[in-house]
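# Architecture at a glance
Each chain, letter by letter, is given below.
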Amino acid sequence: DAVITAAKLAADRGAELDLALIGDGIDADALRALAAEIGADNVRFLPRVPKSEIRRIMAAADALVIHLADEPHLAFTIPSKTQFYLASGQPILAGISGEAAEILIESGAALVTPPADVQKLAEAMERMARWSADELRRAGEAGRAYYLRELEFEHGMRATLDVIERARVIPALQ
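## A look at the overall build of the protein chain
- Helices and strands together make up the secondary structure of the protein chain, namely eight helices and five strands.
- Each helix and strand of the protein chain, placed in order from N terminus to C terminus, yields the pattern α-β-α-β-α-β-α-β-α-β-α-α-α.
- Counting the 174 residues in the protein chain, one finds 33% classified as buried.
- For the protein chain, the proportion of contacts with a sequence separation of at least 24, taken over those separated by at least 6, is 64%.

## With respect to the pattern of salt bridges
- This structure, assessed with the given rule, holds nine salt bridges.
- Between Asp-12 and Lys-8 there is a salt bridge; the shortest N-O distance is 3.0 Å. Remark: Lys-8 and Asp-12 occur in helix α1 (residues 2–12); sequence separation between them is four residues, near one turn of the helix.
- Since its relative accessible area comes to 52%, Asp-12 is described here as exposed.
- Taking the shortest distance from any N to any O, the salt bridge between Asp-24 and Arg-32 comes out at 3.7 Å.
- Relative accessible area serves as the criterion here: at 42%, Asp-24 is assigned to the partly exposed category.

## Let's talk about the environment of Ile-57
- Mapping Ile-57 onto the fold places it in helix α3 (residues 51–60).
- Residue class for Ile-57 comes out partly exposed when judged on its relative accessible area of 23%.
- Each C-alpha atom of the pair Ile-57 and Ile-22 lies 9.7 Å from the other, and the pair is 35 residues apart in sequence.
- Not counting residues within four places of it along the chain, the set of residues in contact with Ile-57 comprises Ile-22 and Val-49.

## Details of the pairing of strand β4 (residues 92–95)
- Alternating positions in β4 separate into two faces, Ile-92 and Ala-94 on one and Leu-93 and Gly-95 on the other, with burial throughout.
- Bridge count for strand β3 (residues 64–67) against β4 is four bridges, and the pairing is parallel. Across the sheet, His-67 pairs through a bridge with Gly-95, a residue of β4.
- Assessed by its sense of winding, the connection that carries the chain from β3 through helix α4 (residues 80–88) to β4 is right-handed.

Conventions used here
Residues numbered from 1 in each chain as written. Predicted model: local features only at pLDDT ≥ 70, side-chain atom pairs only at ≥ 80, totals over all residues. Heavy atoms only, no water. Helix = DSSP H or I, 4+ residues; strand = E, 2+ residues; numbered from the N terminus. Buried < 20%, exposed > 50% of the residue type's maximum accessible area, 1.4 Å probe, protein only. Contact = heavy atoms within 4.5 Å. Salt bridge = Lys/Arg side-chain N within 4 Å of Asp/Glu carboxyl O. Pairing = 2+ DSSP bridges. Right-handed = clockwise from strand over helix to strand, strands pointing away.

Here is the structure:
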């Protein structure tokens, strides 16, 4: 609900943005009701799409949104969307904390706010809405490069094998 409220607030302050929420999650009805109640006319709800279509839809977006609730245990969570969104080469707007926030900030692909902070999320939406096509492209490219350098499967396997190799060598030194 913070994302919907922030989108409404940003639009009320003059930002040109449309938010499309895709899927039928367990909160979909409540989110639709909230959008109607606050008059968030810039928020659209789209049905779930087949996995084969999601990349095409993401590529058509100016930016992608990740938001987690403001719960202490979620600071230790890295949503799978984090890697997927970075790999997509699209800029990211995130209301998230912990390691996921650190990854997104380090990537250069995202504007990150604390979770559930409607004011800061709206300000980030306004800021990103003012970005030029070139700025959006550069942020997306930075995220894609970060993914390939730090998160891609092959990189992860190399890092895992390095840890195993170091652990194997240490007892030999004693």
